[in-house]
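Structural description and commentary
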Amino acid sequence: MRKKRSSIQESSTQKSSTQRSSAFELASGASDKHQCKRYRNINKSLTIASFALFSAPVMATEIDDSKDMEEADKTSISLPTIASEKKLEVTKIETALLYYQEPDRVTAAEGIFNLQASYGDKSELEGKLLLDTLTGASPNGAAPQQQQQTFTRPSGNGVYYAKNGETPLDDTFKDTRLQLNGNWTETLSNTDKVNLGFHLSREYDYTSLGVNSGAERSFNRGNSAVNLAFGYYYDIIDPVGGRPVSWAPMLFRDDFSSQSEFKQAFDKTRDLSSSIKQTFDLSVGFTQLLNRYWLVQGNYSFSYLDGYMTDPYKIISQIDERGTAQGYLYENRPDTRYKQSVFLLTKGALETGVVDLSYRYSADDWGIDSHTVETHYRYQFTASLYGQIHLRYYRQSAVDFYHAFLPELDELPEYGSADSRLGKLTAYTFGIKFGHKLQGGTKFSYRLELYQHRPQDNGDERVGQLAHLGLYEQVNAVIAQIGFAF
Amino acid sequence: MMAICGKWVKAKFLFLFVLLCGGCSTLGVQPWERDQFAREDMALDNEKLDLMLNDHIYFSKEGTSGGRTQGGGGCGCN
């Protein structure tokens, strides 16, 4: 294959020199008068270019072979102007459209536009615009029951139902989110780089603003690099219907004689002021080239989160000794969280493609820890077509305050959540991707993945009817994506 | 005794760190042997849009996130 690639390179070199010789032949077919004029132009250009070499910093300019000689002359003459000016130049545009579907639950569509540009030879700029819409039903945290259940909507207006035996889902889940990111990277020297970025995300009930910055230094002849990065994010949460106060009960209109009486009681369970969450991220990374084909990367990340981290739409069932729900309480999570993770990656260049393998260990003071193993294997069918396999395994333990339900008569714990994302969980991803490159360099890619989300039994003692119900429902999601880059 | 143990542990970590750095200086390639790393598919951010979109999905479905890059700003993703 290496021989094949070499022969491809040789043939492309031959093709290119053929084009050049054809251009030469075409040029030599021109009239003598034209040739004399051209030589005069070349002399003039060489003189100007020689002065330019002494008077201004030299910048490499690529001369397109397809341009005729007249245009080439213009390029030479304009060289002093190019050398003295920094130009903003778009280097890469990437777009992707992703579709995510959970059967009978959430559907998400996400579009992303990423633009990279250079300003001179030391500054790089990157801008990202992301728009996503989510619709469908999301589990509200309540335990399933053998009889139909009724829930008040988060706004307090109206109700929704869960059929007997089914996982209760809030079917009013709908949101549109816009995200904007910018990043500027400056090369300070052959070994040092710094970057500065911003983040903005806005949706109906959530706003996130952030800044991040980092520095990278390479050493050992460029074979090793270390980087240090930090980020600060300020999130504002404005839940629909206001933020439920700690352990607020879900109220029902039918329990009140009038709407105003219900509204008055409902408002007492809500705090209408915005909630704030701040995130401080710090990471240290190391990259090392091992030999001509393999590299390794390691990252250590630390995050401190402070503020409102409760999910305002999630509830927990309060059950009696027969396993029957007697009421629902809005969940309550701690307002600080320390997170740490270690990420290790190795990536190798194969004669027929690329392979990578990574492992991540994460832990936090909520009691959750997780292990993630992930690999991508890319096979290059031809110089312009590849296929790729993606496998991922994820396993997490439950947070200390996870409860699938709460016994009605027990004293309330300080914190509690029945959100399956904080419970014991295993997840698998299997994906395939194909990509091809057109002659002009435009690239298309197509990706299809299956994501299996398997909540595990957390060991809560199931009493009465709960012993016969599926508390931990598996969800199979499909992810489809098309990408376009030029 | 505890202080001595602490110093001994620190010394061991320092020795390991120096050994690792020393090891790194013998690893790697010469500048003219970087042809494979110059390949587009060998760049660490070659599929950054895919990685970013995946991170967003996993962030909204799992209890831990980040690691490869910084966790970044939040969203109210359910």
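Residues numbered from 1 in each chain as written. Chains lettered and ligands numbered in written order. Predicted model: local features only at pLDDT ≥ 70, side-chain atom pairs only at ≥ 80, totals over all residues. Heavy atoms only, no water.

**Brief notes about the interface of chain B and chain A**
What counts here: In what follows, residue pairs with any heavy atoms lying within 4.5 Å of each other are defined as contacts. In this description, buried area is defined as the sum, over both parts, of the accessible area (probe of 1.4 Å) that is lost when the two are combined. By definition here, a salt bridge exists when the distance from a side-chain nitrogen of Lys or Arg to a carboxyl oxygen of Asp or Glu is within 4 Å. Counting of polar contacts relies on pairs of N or O atoms within 3.5 Å, with two restrictions inside protein: one atom must be capable of donating a hydrogen and the other of accepting it, and residues adjacent in sequence are counted only when both atoms are side-chain atoms. Runs of H or I in DSSP of at least four residues are treated as helices and runs of E of at least two as strands, each being numbered from the N terminus.
Listed per partner, the contact involves 47 residues of chain B and 94 residues of chain A. For the pairing of chain B and chain A, the buried interface totals around 5,600 Å² over both sides, and the portion due to carbon and sulfur atoms is 49%. Linking chain B with chain A are eleven salt bridges. Counting across the interface, chain B meets chain A through 34 residue pairs in polar contact (both at pLDDT 80 or more). Listed by contribution, the elements that provide at least two residues to the side of chain B that touches chain A are helix H1 (2–26) and helix H2 (48–61) of chain B.

**Here we look at H2 of chain B**
Applied cut-off: Residue count minus one, scaled by 1.5 Å, sets the expected span of a helix. For every residue, the accessible area obtained with a 1.4 Å probe (protein chains only) is divided by the maximum for its type, and the residue is called buried under 20%, exposed over 50%, and partly exposed between those limits.
The end-to-end C-alpha separation of H2 of chain B is 20 Å, in line with the 20 Å expected for 14 residues at 1.5 Å each. H2 of chain B sits mainly inside the fold: eleven of its 14 residues count as buried.

**Overview of the confidence of the model for chain A**
All names here are of chain A. Basically, it comes down to this: Each residue carries a pLDDT score, the predictor's own confidence in it, on a scale running from 0 to 100.
For chain A, the mean per-residue pLDDT works out to 85, and 83% of the residues sit at or above 70. Taken element by element, the predicted model of chain A shows its lowest mean pLDDT in helix H1 (residues 2–28) (37) and its highest in strand E19 (residues 385–396) (98). Taken together, the stretch residues 1–40 has pLDDT below 50 and engages in twelve contacts with residues farther than four places along the chain or on a different chain.

**A few points about the nonpolar core**
Condition: Each nonpolar core is a collection of buried residues, namely Ala, Val, Leu, Ile, Met, Phe, Trp, Tyr and Cys, held together in the definition by side-chain atoms within 4.5 Å.
Core analysis: the biggest nonpolar cluster contains 19 residues, and Leu98, Tyr100, Ile112, Tyr451 and Ile479 of chain A together with Ile57 of chain B have the highest contact counts within it. Put simply, the parts of the chain that give this core at least two residues each are strand E1 (88–101), strand E2 (107–119), strand E3 (123–139), strand E21 (425–437) and strand E23 (475–485) of chain A together with H2 of chain B. It is H2 of chain B that contributes the most residues to this core, four residues altogether. Aside from chain neighbours lying at most four places away, what touches Tyr451 of chain A is Tyr100, Arg392, Ala427, Tyr428, Thr429, Val475, Asn476, Ala477 and Ile479 of chain A together with Tyr58, Lys61 and Glu62 of chain B.

**Brief notes about the pairing of strand E15 (residues 325–330) of chain A**
All names here are of chain A. Here is the rule we go by: The rule for pairing is simple: two strands pair if DSSP sees at least two bridges between them.
Burial analysis of E15 places five of its six residues in the buried class, the great majority of the element. With five bridges joining them, strand E14 (residues 315–319) and E15 adopt antiparallel strand pairing. The residue of E15 that forms the bridge with Ser317 is Tyr328. Adjacent in sequence and paired antiparallel, E14 and E15 are bridged by five residues, among which Gly323 carries a positive phi angle near 85°.

**Details of the side chain of Thr167 of chain A**
Residues and elements named next belong to chain A. Along the chain, Thr167 falls in the loop between strand E5 (159–162) and strand E6 (169–187). Its relative accessible area of 19% is what places Thr167 among the buried residues. One polar contact links Thr167 to Glu473, side chain to side chain, over a distance of 2.5 Å. The residues contacting Thr167, other than those within four sequence positions of it, are Arg105, Pro139, Pro144, Gly470 and Glu473.

**A word on the pattern of salt bridges**
A side chain of one charge can pair with a side chain of the opposite charge when the charged atoms of the two come close. Residues and elements named next belong to chain A. Inspection of the entire model under this criterion finds 28 salt bridges over all chains. Between Asp235 and Lys277 there is a salt bridge; the shortest N-O distance is 3.9 Å. With a gap of 42 residues between them, Asp235 in strand E9 (residues 224–237) and Lys277 in strand E12 (residues 275–289) connect regions that are remote in the sequence. Considered together, Asp235 and Lys277 belong to a single accessibility category, that of buried residues. A single salt-bridge network, built from bridges that share partners, covers Asp311, Lys314, Glu331, Arg333, Asp419 and Arg421.

**Structural notes on the confidence of the model for chain B**
In this model, chain B carries an average pLDDT of 75, and 56% of its residues clear a pLDDT of 70 or more. This prediction of the complex comes with two scores: 0.80 for pTM and 0.81 for ipTM.

**Focus: the pairing of strand E13 (residues 294–307) of chain A**
All names here are of chain A. In this sheet, E13 lies alongside E12 in antiparallel orientation, the contact comprising 13 bridges. Across the sheet, the residue bridging to Gly285 is Asn299, located in E13. By the bridge criterion, 13 bridges tie E13 to strand E16 (residues 336–350) in an arrangement that is antiparallel. By the bridge assignment for E16, Phe302 is matched with Gln340.

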